[in-house]
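Reading the structure
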Amino acid sequence: MVHFLRIAESPSLHRVSNQCFRYLATEGIQCRKGLVLGVHCNEKDELKFTQAAETYDKQVSGKLQQHLNIVKSSLKPGSAKVFYSLCSNYDGVALVGLPKDSTNYDALEEINEKKESIRIAAAAGCRSLQAHEFDSITTESFNDSEAAAEGSHLGVWKFQEFKNKEKVKSQPRVSLLNGNEEDWKIGCIKADAQNVARRLADMPSNKMTPSIFANVAEKLLSPCGIEVKIHHKDWILNKKMEAFYSVAKGSTEPPVFLELKYQHGPKNSKPIVFVGKGVTFDSGGISLKPSASMDEMRADMGGAACVLATMLSVAQLELPINFIGLIPLCENMPSGMANKPGDIVTAMNGKTIQIDNTDAEGRLILADALCYAASFDPKFTLDIATLTGAMRVALGGVATGVFSNSNELWKELSQAGAYTGDRVWRFPLWKCYSKNITEYPAVDVNNVGKGKGGGACTAAAFLKEFSPPGDWLHLDIAGVMGPKDDLPYLHSGMTGRPTRTLTQFLMQLSEKK
């Protein structure tokens, strides 16, 4: 049985919609109510209402069918049409297209097509009503309340943190018409957690410094019973995290090492440890990045955002596990104190690292965090980072790249990705990649290596040199965090991916336990 805590909200996650409802209630203005219903489509323009839509059509004496007959040639899977004045209970009805035939699992696509089509439909319906300024939306479950909750809540969310108040679009409240309430709550928790990660990643770097990120984590997670420790420069140096500090010292913003603990498993049970890259802005350092699209490097802390958001969802779901999140936070800037190409530093485990490219900084801060993770004797370790442009080239925005020494954990994560629609794809951890970064006469490891191509694999091989003993996964999310996303229910800004997949992954493991 899954239990539910009160959903902890980010400072702005639901603020706009709550203020809107309070204002409308105070002024005596009636909220505009919308309804989302589905219709199955096929290539021959044959349309069939879902059960909920068919029931509603009978209630309105066939008016929905009459309107559908007018627009049926233009209604396709994933599209929506809004109709007005069909009944007194709702000011508008959004009819959304669903595929007529979809499978629970497509082996070639490695995805649950049915769930994904429902997410897309729910998002399209809710967003069409949101565009017409509906304040309250009720959606049918489409026979999968969890997927409907995910699609609707992800679909209506927008990053509007710094718009003038008069220009802010209200975020409608979305509720369930029919279906399983417990599954709906699970979907809401997963989607809202991902929206937290989206907000963190989209915040400009001057408004989301390492210190601010740590404070946000404390405000969000402490009320959920998660222990939050915020470590500063002296602690970092005492732990001999020279690789991490070498990146941080190039900025005037002080570094922070965030340690999060959630303990709801047996006392003698080893913890699962997640490590998230938290570079709140990455200029590339002395190896300066091109100016085009450098603003997107505000989201170079996407791994940290996912770890925080996953911690939040795990607490809300009250999963019976021991779970630790480790997040090294800093900026990578090109000052007189910054790392220089050719510099050599020593990681926490005593290995020396030659820094040939200061823009390969994420692996430096993760190296020390992974070394520290070993002190908890983890059940397994997972690190997640916007690590390499090579991963974006390899997979685009379709999937997260995964490297692992555990076939069992990989299978669980792959299954979770198929379930959530936020897929993962495995890459090799072969010895040849390790040789590229370790076979140097003067140092133990080089941060970029000497091989040509395979940059994501080389980066994973580097991290392998510092990972704790036992099972380990490395997730490279460079391709999936950015604004040019391939999932239609994530239509703008940073994506917060793969928060829902990580949550589902931990749910699966806790159920098996």
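Since the model is a prediction, treat every value here as computed from it, not as a measurement.

This next bit is on empty space enclosed by the protein. Here the structure, examined in full by the defined rule, presents one cavity of 30 Å³ or more. Its volume calculated, the largest cavity comes out at about 40 Å³.

Attention shifts here to the sheet that holds strand β17 (residues 445-446). Taken in spatial order, the three strands make up an open sheet running β12-β13-β17, and their pairing is mixed. Among the strands making up the open sheet, the edge pair consists of β12 (343-346) and β17. As paired elements, strand β13 (residues 352-355) and β17 share two bridges and run parallel to each other. By the bridge assignment for β17, I353 is matched with V445.

Counting across every chain of the model gives twelve aromatic pairs. Pairing F380 with F505 gives two aromatic rings, centres 5.8 Å apart and planes at 65°, and the pair type is edge-to-face. Taken as a pair, F380 in strand β14 (residues 380-385) and F505 in helix α16 (residues 499-512) lie far apart in primary sequence, 125 residues in all. Judged by relative accessible area, F380 falls into the buried class, the value being 3%. Judged by centre distance (6.4 Å) and plane angle (15°), the rings of W430 and Y433 are stacked. You can call W430 exposed: its relative accessible area is 55%. The buried category is assigned to Y433, whose relative accessible area is 17%. Counting every residue linked through ring pairs, the aromatic cluster contains W235, F244, F257, Y372 and F376. Between the NZ or CZ atom of K351 and the centre of the ring of F466, over which it lies, the distance is 5.9 Å.

The next point concerns the side chain of K190. Mapping K190 onto the fold places it in helix α6 (residues 181-202). When its relative accessible area of 0% is taken as the criterion, K190 is described as buried. Here the side chain of K190 touches E146 through a polar contact of 2.7 Å, side chain to side chain. Residues within four places of K190 in sequence aside, it is in contact with E146, E150, Y419, R500, T503, Q504 and M507.

Turning our attention to the pattern of salt bridges. For the coordinates displayed, the defined rule picks out 20 salt bridges. The partner of R199 in a salt bridge is E161, and the shortest N-O contact between them spans 3.0 Å. Placement of R199 in helix α6 and of E161 in the loop between α5 (145-156) and β6 (173-176) is noted, with a sequence separation of 38 residues between them. For R199, a relative accessible area of 6% corresponds to the buried category. In the salt-bridge network here, residues are joined through shared partners; they are E116, R119, E150 and R500.

With that out of the way, let us pick up unusual backbone geometry. The amide bond that connects R497 to the next residue, P498, takes the cis arrangement and shows omega of 0°. Tracing the backbone through its elements, the reader meets P498 in the loop between β18 (472-476) and α16. The phi dihedral of S61 falls on the positive side, at around 60°, and the residue is not glycine. The residue S61 is located in the loop between α2 (51-59) and α3 (63-71) in this model. Residue S61 is classed as exposed on the basis of its relative accessible area of 64%. Unlike most non-glycine residues, S85 shows phi in positive territory, near 55°. Residue placement: S85 occurs in the loop between β3 (80-84) and β4 (92-99). By relative accessible area, S85 is classed as exposed at 62%.

Further remarks concern the confidence of the model for the protein chain. Overall, the prediction assigns the protein chain a mean pLDDT of 93, with 93% of residues at 70 or greater. In the model of the protein chain, helix α1 (residues 15-27) stands out as the element of lowest mean pLDDT, 37, in contrast to strand β9 (residues 272-276), which has the highest, 99. Under a pLDDT of 50 for its full length, residues 1-28 has, in the predicted model, 55 contacts with residues more than four places off or in other chains.

The grouping of K158, K163, K167 and K169 at the surface amounts to a positive patch. Among the structural elements, K163 can be located in the loop between α5 and β6. The exposure class assigned to K163 is partly exposed, which follows from its relative accessible area of 43%.

Calculation notes
Residues numbered from 1 in each chain as written. Predicted model: local features only at pLDDT ≥ 70, side-chain atom pairs only at ≥ 80, totals over all residues. Heavy atoms only, no water. 1 Å grid on protein atoms, 1.4 Å probe; cavity = no way out; pocket = protein on both sides within 12 Å on 5 of 7 lines; lining within 4 Å. Points joined across faces, edges and corners; volume = space filled by probe spheres on them. Pairing = 2+ DSSP bridges. Helix = DSSP H or I, 4+ residues; strand = E, 2+ residues; numbered from the N terminus. Phe/Tyr/Trp six-rings, centres within 6.5 Å; stacked < 30°, edge-to-face > 60°. Buried < 20%, exposed > 50% of the residue type's maximum accessible area, 1.4 Å probe, protein only. Lys NZ or Arg CZ within 6 Å of the ring centre and 35° of its normal. Polar contact = N/O pair within 3.5 Å; in protein donor to acceptor, adjacent residues only side chain to side chain. Contact = heavy atoms within 4.5 Å. Salt bridge = Lys/Arg side-chain N within 4 Å of Asp/Glu carboxyl O. pLDDT = per-residue confidence, 0-100. Patch = residues over 30% accessible without salt bridge, like charges linked within 9 Å, V, L, I, M, F, W, Y side chains within 5 Å. Areas by Shrake-Rupley, 256 points an atom, 1.4 Å probe, with all protein chains shown as cover. Lys, Arg positive; Asp, Glu negative; His and termini not counted. Charge placed at Lys NZ, Arg CZ, Asp CG, Glu CD.

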